[in-house]
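Chain and residue survey
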Amino acid sequence: MEGTNPVNKKLAAALSGGAVLVLALTGCSSDDGDDKLDAWAKQVCDGVQPQAKKIEAANAAIQKETSDNSTPEQVQKTDAKAFQDMSDAYKAMASTVQNAGAPDVEDGEKKQQDAVKELNGLSASYASLKKQVEGLDTKDQAKFADGLKDVATELNKLGKSGSDALKTLEEGDVGKAMAQQPSCKSATASPAAAG
């Protein structure tokens, strides 16, 4: 029987969870910050936003592929490219946070380094998921589905463990300063809310 593979749906759902990570780098209520911190927040937000869009596009590509009646080969190709894009995006975010330096807050340096470490870790995780997907047997539908199940499990874990250091980076004044940046605001605004 043909039809959409339920495992693909699972993968798409797990991926949506991963996208939440990016949005952890945005949001919060706005407040009057100091210039130094605002400049830092602007640098981070401006650098992160295009990467957040890239990750969103990769998520959308996987969800589109999984909702169509796609062959295992198509799913494999799309997923591998999406994971590569995500890996690149998280790596670029890590560089952005690294290059911005430590935010001018208490424990700023530790928070910054933890976030960089976490983003680089996510980059490596998505790179290994790409390898995992590329290694799946597309000739055997059942085996391929089982393989995708493992990938979905890994994705779920990533979604759960991923945003702690980012949340810590954004606590207090840092979050307030980031919330004032147009590039951070637009990263969280849904199309319906805008306008």
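Now for the overall build of the chain. Across its full length, the chain holds 8 helices and 0 strands. Walking the chain from its N terminus toward its C terminus, one meets helices and strands in the order α-α-α-α-α-α-α-α. For the chain, the proportion of its 195 residues judged to be buried stands at 45%. In the chain, the proportion of contacts linking residues at least 24 apart, taken out of those at least 6 apart, comes to 85%. Of the accessible surface of the chain, which amounts to about 9800 Å², a share of 51% is contributed by carbon and sulfur atoms.

This paragraph deals with the nonpolar core. Formed by 35 residues in total, the largest nonpolar core has its most connected members in Trp40, Phe83, Tyr126 and Met178. Counting only elements with at least two residues in this core, the list comes to helix H2 (35-67), helix H3 (72-100), helix H4 (108-134), helix H5 (141-161), helix H6 (164-169) and helix H7 (173-179). Here this core takes 10 residues from H3, the largest share from any one element.

This paragraph deals with unusual backbone geometry. Positive phi, close to 60°, is recorded for aspartate 107, a residue that is not glycine. Within the element layout of this structure, aspartate 107 appears in the loop between H3 and H4.

Between H3 and H4, the least distance of the axes is 8 Å, while the angle of their chain directions is 165°. Of the possible angle classes, the one that applies to H3 and H4 is roughly antiparallel. Crossing of H3 over H4 shows left-handed handedness. Broken down by class, the residue content of the contact of H3 with H4 amounts to 15 nonpolar, 8 polar and 4 charged.

Below, the discussion takes up the pattern of salt bridges. Between side chains of opposite charge, a pair can form when the charged atoms approach closely. In total, this model carries 9 salt bridges according to the counting rule given. Between lysine 143 and aspartate 137 there is a salt bridge, with the nearest N and O atoms lying 4.0 Å from each other. Overall, aspartate 137 belongs to the partly exposed group, its relative accessible area being 31%.

With that out of the way, let us pick up the confidence of the model for the chain. Summary statistics for the chain give a mean pLDDT of 79 and a share of 74% for residues scoring 70 or more. Counting contacts from residues 26-31, a segment whose pLDDT is below 50, to residues more than four positions away or on other chains yields 18 contacts. Residue range residues 188-195 is modelled with pLDDT below 50. Its contacts to residues more than four positions away, or to other chains, number 3 contacts.

Time to look at the packing of aromatic side chains. In total, this model carries 2 aromatic pairs according to the counting rule given. Ring centres of phenylalanine 83 and tyrosine 126 lie 6.2 Å apart, and the angle between their planes is 35°; on these two criteria the pair is classed as tilted. On the criterion of sequence distance, the pair formed by phenylalanine 83 in helix H3 and tyrosine 126 in helix H4 is long-range, its members being 43 residues apart. Looking at tyrosine 126, the relative accessible area reads 2%, which means it is buried. With a centroid separation of 5.5 Å and an interplanar angle of 10°, the aromatic rings of tyrosine 90 and tyrosine 126 are classed as stacked. With tyrosine 90 in helix H3 and tyrosine 126 in helix H4, the pair connects residues that are 36 residues apart, well separated along the chain. Every member of this aromatic cluster is reached through a ring pair, and the members are Phe83, Tyr90 and Tyr126.

So, how was this worked out
Residues numbered from 1 in each chain as written. Predicted model: local features only at pLDDT ≥ 70, side-chain atom pairs only at ≥ 80, totals over all residues. Heavy atoms only, no water. Helix = DSSP H or I, 4+ residues; strand = E, 2+ residues; numbered from the N terminus. Buried < 20%, exposed > 50% of the residue type's maximum accessible area, 1.4 Å probe, protein only. Contact = heavy atoms within 4.5 Å. Areas by Shrake-Rupley, 256 points an atom, 1.4 Å probe, with all protein chains shown as cover. Core = buried A, V, L, I, M, F, W, Y, C linked by side-chain atoms within 4.5 Å. Axes fitted to C-alpha atoms, helices over the stretch in contact; angles between N-to-C directions. Parallel < 35°, antiparallel > 145°, perpendicular 65-115°, else oblique. Left-handed = near helix turned anticlockwise from the far one by under 90°. Nonpolar A, V, L, I, M, F, W, Y, C, P; charged D, E, K, R; others polar. Salt bridge = Lys/Arg side-chain N within 4 Å of Asp/Glu carboxyl O. pLDDT = per-residue confidence, 0-100. Phe/Tyr/Trp six-rings, centres within 6.5 Å; stacked < 30°, edge-to-face > 60°.

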